[in-house]
Amino acid sequence: MLQIISEADDLLLHIMETVYAFRAKSVDLYGLGSESLSDGILTSGYEGLPEFWTSRYNIMMAAKDLVVLAREAADKYYEAEGDGAPNTELVNKIAVENTALVSVSCTIYIERYRWSMAQKDEQTRVYGQNLKEVFERVRYDLIRELARIGQAYSGMELAEKYGDMRTLVDLVTAESAYLVEHLDDEGTDDDQKASIQSAIQDLDARIAGYFKRYGQKWSNAYYASHIRSGRSSLILDEAVQRKDHVTAFLHSNPLLYKIGWMNEVLTSERFGEAGRMLVNVATSTETNLWSRKVELSLAKLALLSVKEGTEDMQKADLKEGFQASSEELELVGIQEQLYNHVKPTLFGALDQAAELRLVTERFAKSVTQDQPNLNRLLDLGFESLLQHKVMTADQLIDILILMDPESSEAPEGDIHGREFVLAMQALKVSEVANFDATLKLIWKRCYVRDNWEELNNTLLQAKGTDREEMIQATALFATLREGMANYLWESPSKIRLYPPTQVLGAGCSAEDLKRFPSEPLRGPIIEDNDLDDNVLEYFLSKARLGHWYEMCLAEAKKSIQQDAEHAAESGGKQRVLEENFVKGAALQTNGHAGEMGVMNGVSHVDKDGGGDAGVEQSENEVMGENKHTDME
């Protein structure tokens, strides 16, 4: 069998090499003197020429099959020993000749797809393009497998010939791993180790030569191999030695920025560029919430570390990057608040399905009944929330304005009453496509959150404090008050107050719901939003919602004013305490007053509640003691 394979190798190689040599000598005879040849085939100019017999389909496939058959035979008997082992010279001959066979097979493929792509027939041209893509895969296998029969370096030469960097990298990497493995083998003697160490040095020199010879084309393939094989840390190990190559590679694709920012810090201390890359990673490719928070926090830190004049980044770029990281962190914070709100509900759940069921049973009851499409939207949002996925502003807003107004079992994580304000804050720092339409939809959901029909009947009968308490218990009052407290709709904020009459129709058109790309998705959601519109119209016409909106607004302003007055009063008390302490300490230092004088002043202020009179009386007490002491 080996003899037959050897003879077949000789026959094919002799025929094809003879043909290619004859073509090179006789190119003028065929009227192709102006055309260039490489390896015995035309590099161009196939238009109008008949099909070459040397690259017909059956010839192409037969040559490739012989390469594989010969390689498998050589691999089977390579370094075989003992009785029944075939002739070593014959096996080595087949192994060595396999490199030439691979070269011939590649030449046949190239000639066939070049000729096909130059034909007038569209179908033939398409076939040629497809064959070229197939050849890229076939060539990799044919050359890469040469290493199995001890022809790794011959394979490297072929990969160099065709400029196939991926195959070249894989051959070099595999050979390096093979040498290191045998160097560490306990059965390797000293002479063998010396030989292997010499081979490793030669291979390292070869790699260094590839960086000089092929430049970024080689380095991109080389470092991409590190990424594929999970050896990313080796890239940073070479960052100092081959700084330019590593930096160019890590800038070639945003997906590499997770490593690229570290390279910028370690090799160049370009903190601004590191921050820019981190912001890009966090906002473009990151899917895990915790990782996104870390990346954005590091981005802010990096951008804050930039010293003026040390980088080629403009102040505007630094400001933009810092603002982007800050806004994205605010979104992360809102998502964390939302998760902490529902987290106590998860206690006792055995898996993610159980967690989702528990959360929806508690926070998605009302929307379930009449609006199944919005219910599905809420379910999808909760699913992403519980899996700690990075959520868009739209997704966060969906949950915040659709979930039931239930308090959290953990008071420190409770967002009850702040849902709509958080939704507006998420909108404020986002790049939602239909900003104004989304804002109106938030307000519309706020207006239909409470049952204004019942409230209207009750509020008409209530008076004084009872009416105030009922108004303050509504979602509308809580939203208005919280928004005012956070200056949410004050300039330059784009968030604004929309009275109920101005939000009718919000979310009820395809224009408002551009985020959903197709009508089958938008239509059912629009139908559910129409139901909210009907409710809002009823509240406006039958429950005097417009009037109660004005009442809630006035009550919210009043509450904010009362808080401000209380804060000012508390601040006055604090200032009195601080002033008395300072004055009392000064008297003690001078030996004019004891501890009781200071304490008397403090206790008097606490008892009388402070204010200007309290300040004056306290000062008089301290000064009176001082005067009495002087007289003594």
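Residues numbered from 1 in each chain as written. Predicted model: local features only at pLDDT ≥ 70, side-chain atom pairs only at ≥ 80, totals over all residues. Heavy atoms only, no water.

The name an unreviewed UniProt entry gives the protein is Nucleoporin Nup133/Nup155-like C-terminal domain-containing protein, with Cryomyces minteri as the organism. As its UniProt record puts it under Subcellular location (unreviewed entry), the protein is described as follows: "Nucleus envelope". (UniProt positions renumbered as here; feature names shortened; annotations may be inferred.)

Packing of helix α1 (residues 2-25) against helix α3 (residues 88-117) brings their axes to within 10 Å, and their N-to-C directions diverge by 40 degrees. Compared by their axis directions, α1 and α3 come out oblique. Between α1 and α3 lies a crossing whose hand is left-handed. Note on element contacts: α3 touches α1 through L90, V91, K93, I94, E97, A100, L101, V104, T107, I108 and E111, opposite L2, Q3, I5, S6, D9, D10, L12, L13, M16, Y20 and R23. Counted by class, the contact of α1 with α3 contains 13 nonpolar, 3 polar and 6 charged residues. (Axes fitted to C-alpha atoms, helices over the stretch in contact; angles between N-to-C directions. Helix = DSSP H or I, 4+ residues; strand = E, 2+ residues; numbered from the N terminus. Parallel < 35°, antiparallel > 145°, perpendicular 65-115°, else oblique. Left-handed = near helix turned anticlockwise from the far one by under 90°. Contact = heavy atoms within 4.5 Å. Nonpolar A, V, L, I, M, F, W, Y, C, P; charged D, E, K, R; others polar.)

One can find T285 in the loop between α12 (271-284) and α13 (289-304). Judged by relative accessible area, which is 32%, T285 ranks as partly exposed. Between the C-alpha atoms of T285 and L255, which are 30 residues apart in sequence, the distance is 7.2 Å. (Buried < 20%, exposed > 50% of the residue type's maximum accessible area, 1.4 Å probe, protein only.)

Relative orientation and spacing of two packed helices are given, respectively, by the angle between their axes and the distance between those axes. Direction vectors running N to C along helix α19 (residues 419-428) and helix α20 (residues 435-447) enclose 175 degrees, while the axes themselves pass 10 Å from each other. Judged on the interaxial angle alone, α20 and α19 are roughly antiparallel. Between α19 and α20, the contacting residues are F420, A423, M424, L427 and K428 on the first element and F435, T438, L439, I442, W443, R445 and C446 on the second.

By size, the foremost hydrophobic cluster in this structure holds 71 residues, and its most contacted members are F382, W443, W452, L476 and L480. When residues are assigned to domains, this core turns out to be shared by domain 2 (315-432) and domain 3 (436-572), each giving three or more. For F382, the contacting residues outside a window of four places in its chain are V342, L356, V359, T360, F363, A364, I399 and M403. One finds L42, V67, Y162 and M165 within the second-largest nonpolar core, a separate group that totals 69 residues. (Core = buried A, V, L, I, M, F, W, Y, C linked by side-chain atoms within 4.5 Å. Domains from an automatic or database assignment.)

Mapped onto the elements of the fold, N98 is located in helix α3. A relative accessible area of 0% means that N98 is categorised as buried. A polar contact of 3.1 Å, which involves the side chain of N98, links it to the backbone oxygen of V67. Beyond its immediate sequence surroundings of up to four residues, N98 is in contact with V67, A70, R71, L146 and I149. (Polar contact = N/O pair within 3.5 Å; in protein donor to acceptor, adjacent residues only side chain to side chain.)

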